[in-house]
Each structure stands twice: as C-alpha cells, then as structure tokens.
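Below, each chain spelled out in residue letters.
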Amino acid sequence: MFSTDNVSYRKVHFYGNDGVCLFKYFVSPTDPQRIYSWLILSINFTCFIVITVSYVFINVASLDQGKNLSHIQHISKRNRRMQRKISIIIATDFCCWVPFVIICMLHSLSILDATPWYGLFSIVILPSTAS
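So, here is what we can say about the structure in this document. Note that the structure is predicted; figures quoted are calculated from it, not measured.

1. Digging into the overall build of the chain
The number of helices and strands found in the chain is 3 helices and 2 strands. Counting from the amino terminus, helix and strand elements in the chain follow one another as β-β-α-α-α. Expressed as a percentage of the 131 residues in the chain, the buried residues total 29%. A sequence separation of at least 24 residues applies to 54% of the contacts in the chain between residues at least 6 apart. Only carbon and sulfur atoms are counted for the fraction: they give 66% of the accessible area of the chain, which is about 8,900 Å².

Given below as structure tokens:
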C-alpha cells in the first residue's frame, strides 16, 4: 500500500504479468482476486453446461425431424451438416473450457503450479473456441 494525497492505493495485479492482456485466472490461495476468479470460472463452466445441453436438444430435435423427412434428400443432408457443426462446437468448447477450469482450480488450490502454462492457454487454447 502507498498513499498519495490522502488517497490509499493497493497494488492488485488484476491482469497477469505476461504480455497477453487476459484476466489472471491462475491465482494463488492468498490472491485478493481468488473469489472473483472462482466466480468467473463458475459462470464460464455453467455457460458451457447450458450451451452443451441446448445443443444436445437441438441435435435430438434435428434427428427426429430428419427421420420424419428422410424422403427429402436435401433436408436430410442439411440436417447432417448441422449436426456435424454442432458436434464440432461442443467438442471444441469441451476441449477448451473443461481442462482450463480444472487447471485453474488445481492451481488455485496449490495442487499444481500452472504459471508456465499461462501463455499456452491464453494464446492457443482459449481462442480456439472463438473460431
């Protein structure tokens, strides 16, 4: 803490120390943002679950519609393409967010030191779901 003109400041290190401007998810047990980081990770994981369940329902509905309209070739092809795209979206989200949340939790609980993996997650793994 330091004081300037009767205003007190505390250095918090909201972002990581790397050159990537990404919120610091890899927090230590004594880090002041630990609760905030857990909250954001919980929201991300909850969103992943909701999206996955929604896509599964879409896929099931598409399969049911495909069975009823199997005689129409172009609709059947379109449904298969959509199901493939949905499966890819779910798989990339799973491969990105589930390991990320697990690694962040293990780091936060001091079971694993994930600091060297910050660059890999922020540059390669997290952006993979944006494409």
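2. Some thoughts on the state of the cysteines
Evaluation of the coordinates by the stated rule reveals 0 disulfides. Free cysteine Cys 95: the closest other cysteine sulfur is in Cys 96, separated by 8.8 Å. The exposure class assigned to Cys 96 is buried, which follows from its relative accessible area of 1%.

3. A closer look at the environment of Phe 94
Inspection of the secondary structure puts Phe 94 in helix α2 (residues 73-108). Residues Phe 94 and Phe 48 lie 46 residues apart in sequence; the distance between their C-alpha atoms is 7.8 Å. Beyond its immediate sequence surroundings of up to four residues, Phe 94 is in contact with Phe 48 and Pro 99.

4. Considerations on a positive patch on the surface
Taken together, the side chains of Lys 77, Arg 78, Arg 80, Arg 81, Arg 84 and Lys 85 present a region of like positive charge at the surface. Mapped onto the elements, Lys 85 comes out in helix α2. Accessibility expressed as a relative area gives 56% for Lys 85, which makes it exposed.

5. Notes on unusual backbone geometry
Even without a glycine there, the phi angle at Ser 110 is positive, about 60°. With respect to the helices, strands and loops of the structure, Ser 110 is situated in the loop between α2 and α3 (118-125).

The rules behind these values
Position numbers for residues count from 1 along each chain, tracking the sequence in the order it is written. The model is predicted, so local features are restricted to residues of pLDDT at least 70 and side-chain atom pairs to those at 80 or more, both for listing and for counting; the totals for chains, interfaces and linings are taken over all residues. Side-chain measures were taken over the full set of non-hydrogen atoms in the model, leaving aside hydrogen atoms and water. Comment: elements are numbered from the N terminus, with helices defined as DSSP H or I runs of at least four residues and strands as E runs of at least two. Relative accessibility thresholds used throughout: buried, under 20% of the residue-type maximum; exposed, over 50%; partly exposed, between the two (1.4 Å probe, protein chains only). Between two residues, a contact is recorded if the distance between any of their heavy atoms is within 4.5 Å. Surface accessibility in these figures is a Shrake-Rupley result with a 1.4 Å probe; residues are shielded only by whichever protein chains are displayed. The definition used for a disulfide is geometric: two cysteine sulfur atoms within 2.5 Å. Patch definition: residues above 30% relative accessible area lacking any salt bridge, with like charges linked at up to 9 Å and the nonpolar side chains Val, Leu, Ile, Met, Phe, Trp and Tyr linked at up to 5 Å. We define a salt bridge as a side-chain nitrogen of Lys or Arg found within 4 Å of a carboxyl oxygen belonging to Asp or Glu. Just so you know, the count uses Lys and Arg for positive and Asp and Glu for negative, and it drops His and the chain ends. Think of each charge as sitting on NZ of Lys, CZ of Arg, CG of Asp or CD of Glu.

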